[in-house]
Amino acid sequence: MPNHVAKVAVSAATYSIDRPYDYLIPEEFSAAVCVGTRVEVPFGKANRSSEGVVLSLESDSELASLKSIRRVLDRENVLSEQQIKLALFMRERFFCTVYDAVRAMLPAGLWFDQQGKRKANDKTIEIATLALSGDEAEALVEAKRMRSPQQSALLELLCCFETLPTRDMLLHTGAKRPSLNALVKAGAITLSEREVYRRPEMKKVESAPLPELNLAQKQAFEGLSGLMASGRANAALLFGVTGSGKTSVYIHLISDALLKGKSAVLLVPEIALTPQMLETFSSHFGDQVAVLHSSLSVGERYDEWKRIKRGEAHLVIGTRSAVFAPVSDLGVLIIDEEQEETYQSENTPRYDAREVAKFLCARSGALLLFGSATPQIASMYAARKGTYSYFELKERYNEKELPTVEIVDMKRELRRGNGSDISSILRDELQRNLDSGEQSILFINRRGTNKLVSCGECGYTYRCPNCSVSLTYHSAKRRLMCHYCGYSRRVDSACPSCGGELKFIGSGTQRVEEELHELFPGVEVLRMDTDTVTPVGSHEKLLDEFRDRNIPIMVGTQMVTKGLNFENVTLVGVISADQSLYSGDYRAGERTFSLITQVVGRSGRGSKSGRAVIQTFTPENQTIRQAAVQDYEDFYASEIELRRLQKAPPLLDRYTVTASGQSEEQVEWASRYLFDLLTLSAREIGGTSVLGPAPLPVYRVNNRYRYRVHMSGNQSAAIRRAISAAIISCSSDKRFRGVTIFADHDPGD
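Residues numbered from 1 in each chain as written. Predicted model: local features only at pLDDT ≥ 70, side-chain atom pairs only at ≥ 80, totals over all residues. Heavy atoms only, no water.

### A word on the packing of aromatic side chains
Tallied over the full model, the rule gives 20 aromatic pairs. Their ring planes at 25° and their centres at 6.2 Å tell us that Phe281 and Phe285 sit as a pair that is stacked. Of the two residues, Phe281 and Phe285 are both situated in helix α9 (residues 274–285); the distance of 4 residues between them amounts to about one turn of the helix. A relative accessible area of 8% means that Phe285 is categorised as buried. Centre to centre, the rings of Tyr473 and Phe504 are 4.9 Å apart; their planes meet at 55°, and the pair counts as tilted. Pair noted here: Tyr473 is in strand β19 (residues 472–474) and Phe504 is in strand β22 (residues 502–505), with a separation of 31 residues, a long-range link. The exposure class of Tyr473 is buried, given its relative accessible area of 6%. In this structure an aromatic cluster arises from ring pairing among Phe239, Phe593, Tyr632, Phe635 and Tyr636. Across from the ring centre of Trp111, 4.9 Å away, lies the NZ or CZ of Arg38, which sits over that ring. Note that Arg735 overlies the ring of Tyr673, its terminal NZ or CZ placed 5.3 Å from the centroid. (Phe/Tyr/Trp six-rings, centres within 6.5 Å; stacked < 30°, edge-to-face > 60°. Helix = DSSP H or I, 4+ residues; strand = E, 2+ residues; numbered from the N terminus. Buried < 20%, exposed > 50% of the residue type's maximum accessible area, 1.4 Å probe, protein only. Lys NZ or Arg CZ within 6 Å of the ring centre and 35° of its normal.)

### Some thoughts on the sheet that holds strand β8 (residues 189–195)
Taken together, 3 strands build an open sheet; the order of strands is β7-β6-β8 and the sheet is antiparallel. At either margin of the open sheet sits one strand with a lone partner, and together these are β7 (163–165) and β8. In this sheet, adjacent strand axes meet at a mean angle of 30° when their direction is disregarded. (Pairing = 2+ DSSP bridges. Axes fitted to C-alpha atoms, helices over the stretch in contact; angles between N-to-C directions.)

### Some remarks on the packing of helix α17 (residues 588–600) against helix α19 (residues 632–646)
Two numbers describe how α17 lies on α19: the axes approach to 11 Å, and their chain directions differ by 170°. On the basis of their axis angle, the class for α17 and α19 is roughly antiparallel. When you trace α17 past α19, the crossing you get is left-handed. Taking contact as the criterion, the partners of Gly589, Glu590 and Phe593 in α17 are, on α19, Tyr632, Phe635, Glu639 and Arg643. (Parallel < 35°, antiparallel > 145°, perpendicular 65-115°, else oblique. Left-handed = near helix turned anticlockwise from the far one by under 90°. Contact = heavy atoms within 4.5 Å.)

### Details of the pattern of salt bridges
Enumeration over the complete set of coordinates arrives at 44 salt bridges. Across the pair Glu429 and Arg611 runs a salt bridge whose closest N-O atoms are separated by 2.7 Å. Taken as a pair, Glu429 in helix α14 (residues 424–436) and Arg611 in strand β26 (residues 611–616) lie far apart in primary sequence, 182 residues in all. A residue is classified by how much of its surface remains accessible, and Glu429, at 17% relative accessible area, is buried. The partner of Arg511 in a salt bridge is Glu514, and the shortest N-O contact between them spans 3.4 Å. One end of the pair, Arg511, and the other, Glu514, are both in helix α15 (residues 509–519), 3 residues apart, so they sit about a helical turn from each other. Arg511 gets classed as partly exposed once you look at its relative accessible area, which sits at 24%. Taking relative accessible area as the criterion, Glu514 reaches 26% and is therefore assigned partly exposed. Here the salt bridges share partners, and the residues they tie into one network are Arg75, Asp122, Glu195, Arg198, Asp303, Lys306 and Arg310. (Salt bridge = Lys/Arg side-chain N within 4 Å of Asp/Glu carboxyl O.)

Given below as structure tokens:
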């Protein structure tokens, strides 16, 4: 029977009323409407137009009266049936609407502006093609040489190539458009439009053979290749110390997949890592590589998406959102540095790329590979239980020793009269590197100059008027800034409350940079943080500059801690190792261990031995000592025992429901309502606990208050159903109008 009804996920439907809605397919749209196309439909009592995506087609509907589709927005389907199943999975797993999930999957260029125009259209160029035989064209060239030299030049150029872009022809010959039009009118050439891709600017690299693998790498590759060849969905963890050559294993595994006619996806946690990855993988796989990340222009991202969808690119490299790349016949999906928080989205839909990857690989029968020198505790726990296959690279690829590490007690430095951020030991090591022409990387996980500005007499501190945080001082423009909402103001010459002297407390990347200039006058220092890499592509330029110009010192935030490979870097300094240890988050130790281990691993990756200096006020701290020697086994053993005592993930599933709004009283009221609903559900589920409500550590951001409730247990599906019901109930209650409710799985903070 012909299909007359489309089940549509509607953009205007909120989470509480999100479901497939039935619409009649008008006869004139019967050929154009298919699963995965977007349509315009009337929605609500006012029948306002709303976008929607067709989830399925039916011959009939149970409803007696149906509204009709008004317009078809796509010439062909933009979503496959598997992607629609993924959208439905995301709704259930991440508490979002189906259309929110669809928005995350599709590039911005496919969406429409307020005037109803697509944000990116196909780019075309005009092509001229010779319409005469070679002899006829040459004769015409000679005939026009004297009386129409421009036409003759155009025709002569086209004789050499037969087909050329008209813009290049006019530019090369200096001819004007009327001369070209005259040749078209005479039938000597024909004009046509050809689609071209807007490709991201990439370095031209020479083709390179696959890297040679040592024995440990070969064993890991062969085991992973066997899992991929099994035809069943598999997940594996590749644990390797920093510099052990995990990337070489990735390259061989991807090559194996491509040779078998499969596609591959490689996710990296930071845009800063993409250029180096692209350079490496392009040398092996050429134009088969497509790149997806947020720094691309709308047109570039749209065209890369088209290349993937059309099967012209079989290897996708990108950040979190690249997990939605429309690849066909997925063979392997690799998540590098899998422990990074950046794989978790902080915007609607609040998806975790790792969870999305699990769904895709399960549906495709593909291999999911997690790679890291500091895996998540949850990933190692799954590997120890046998849920994931496990492979290990215990030594560096070049058989070099791991960097020698010295822990410096900053309390002792203070007693010796050194109140700067650079200890005497780190200063001497930096001087040693300057003398030998070697490079150094310094890491401090805070940008700006000073953490806060305070009055030494009355205790006044500058606070953000929109957020519950202190303002950070940036010396470059003598401004105080909020790193949450962007508010800024100039600093006063004296305390605005009592007129006392202002004190500048704490340090950031700018302050460390200034101290380095004071210690080493004339020495060039490169700073890498979100203040210096905001423009498109600037991170790539900074990294190239550091390597090519052999800049002696680079100071940066966590952008410099992972994935970077500079052979001349032989010293790493960690400025404030215990800065992230006392955040109140159960994963604080895991994050600190990962950051220190990763940044120390940037040292000594070439032929020269590496050193590291870790500065801390708590040199006896177990996590810092474990990170200094890169003893993940010892760290895992102590951390998993702590999680048992805390009843924290991965031993139990934890979800957080957050209420946010401009009225603190209303937000607190809504969070108490959520707590009561979830407590009732917890009693029915059993073995489940509910904690809260409580304000977030930063409880106000951009004039919106934030309270949350935790729910944990080992019945994940039942907990999700309870949370979904609570969100719908609270969102539908008129008492909480203006309050936004959202939920996360194991957000950690």
